[in-house]
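These are the residues of each chain, in order.
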Amino acid sequence: AQGLVAAAFAELNHPAAAAALQLFNAARDAYDDRPRRDRDACSNIFDAMESVAKIKYQRPHETFGQVKNYVEANNLLRIDFIPMLTGLNQLRNANFGHGMVLQFSLSPAETDFVYLSCISVILLLTRGR
């Protein structure tokens, strides 16, 4: 897991990804904090992933779901990855999206899953075609 975090940090360490890197660092700080700030970690890492997707596909004004739909419609990723991206987006919308008033209720293990999944998607997007 630490290797994934270090690799994603390296991939985002350039001027074009400054906004994504800032969100990534906020997520990492929340994740590493004691006590851990799970909602902040999930929200910020998802936003970092969304930022990377917007940059990669030049869709700055779209949501992650809209970018994912664009990627799917244009066959820009293997079709096998689309359901996973859809699932992450649905998880975010239901549990830690902007403006949510519901109490955050993901377990620590579920937070680990979101955090590491979003980091994996960042690497997929930055290293992929």
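Up top you'll find the structure we're talking about.
Below is a short write-up of the structure. (Residues numbered from 1 in each chain as written. Predicted model: local features only at pLDDT ≥ 70, side-chain atom pairs only at ≥ 80, totals over all residues. Heavy atoms only, no water.)

Here's the deal with the overall build of the chain
Now for step 1: Each helix and strand counted, the chain has six helices and zero strands in total.
Now for step 2: What you see for the chain is a C-alpha radius of gyration of 14 Å, in line with the 14 Å of a compact globule of 129 residues.
Now for step 3: Counting only C-alpha atoms and orienting by the principal axes, one finds that the chain spans roughly 40 × 30 × 25 Å.
Now for step 4: Out of the 129 residues belonging to the chain, those deemed buried represent 40%. (Helix = DSSP H or I, 4+ residues; strand = E, 2+ residues; numbered from the N terminus. Rg over C-alpha atoms; globule rule 2.2 N^0.38 Å. Buried < 20%, exposed > 50% of the residue type's maximum accessible area, 1.4 Å probe, protein only.)

Remarks on the pattern of salt bridges
Proximity of charged atoms lets side chains of opposite charge pair with each other.
Now for step 1: Scanning the model with the defined rule gives seven salt bridges in all.
Now for step 2: Where Arg127 meets Glu11, a salt bridge forms, and the shortest distance between an N and an O atom there is 3.2 Å. On the criterion of sequence distance, the pair formed by Arg127 in helix 6 (residues 108-127) and Glu11 in helix 1 (residues 2-12) is long-range, its members being 116 residues apart.
Now for step 3: Taking the relative accessible area as the measure of exposure, Glu11 reaches 26% and is therefore partly exposed.
Now for step 4: A salt bridge links Asp112 to Arg36, with the shortest nitrogen-to-oxygen separation between them at 2.7 Å. Of this pair, Asp112 sits in helix 6 while Arg36 sits in the loop between helix 2 (18-32) and helix 3 (38-56), placing them 76 residues apart in sequence.
Now for step 5: Residue classification places Asp112 among the partly exposed residues on the basis of a relative accessible area of 26%.
Now for step 6: The partly exposed category is assigned to Arg36, whose relative accessible area is 23%. (Salt bridge = Lys/Arg side-chain N within 4 Å of Asp/Glu carboxyl O.)

Here we look at helix 6
Now for step 1: Between its first and last C-alpha, helix 6 extends 28 Å over 20 residues, near the 28 Å set by a 1.5 Å rise per residue.
Now for step 2: Of all the residues in helix 6, the buried ones are Thr111, Val114, Tyr115, Ser117, Cys118, Ile119, Val121, Ile122, Leu123 and Leu125.
Now for step 3: In the core, the buried residues of helix 6 are packed alongside helix 1, helix 2, helix 3 and helix 5 (82-95). (Expected span 1.5 Å × (residues − 1). Contact = heavy atoms within 4.5 Å.)

Things to note about the environment of Leu21
Now for step 1: One can find Leu21 in helix 2.
Now for step 2: Taking relative accessible area as the criterion, Leu21 reaches 14% and is therefore assigned buried.

Quick look at the packing of helix 5 against helix 6
Now for step 1: At their nearest, the axes of helix 5 and helix 6 sit 11 Å apart, and the two run at 135 degrees to each other. For the element pair helix 5 / helix 6, the angle class is oblique. Judged by the twist between their axes, the crossing of helix 5 over helix 6 is left-handed. In contact with Leu85, Leu88 and Leu91 of helix 5, helix 6 contributes Val114, Ser117, Cys118 and Val121.
Now for step 2: Residue composition of the contact of helix 5 with helix 6, grouped by class: six nonpolar, one polar and no charged. (Axes fitted to C-alpha atoms, helices over the stretch in contact; angles between N-to-C directions. Parallel < 35°, antiparallel > 145°, perpendicular 65-115°, else oblique. Left-handed = near helix turned anticlockwise from the far one by under 90°. Nonpolar A, V, L, I, M, F, W, Y, C, P; charged D, E, K, R; others polar.)

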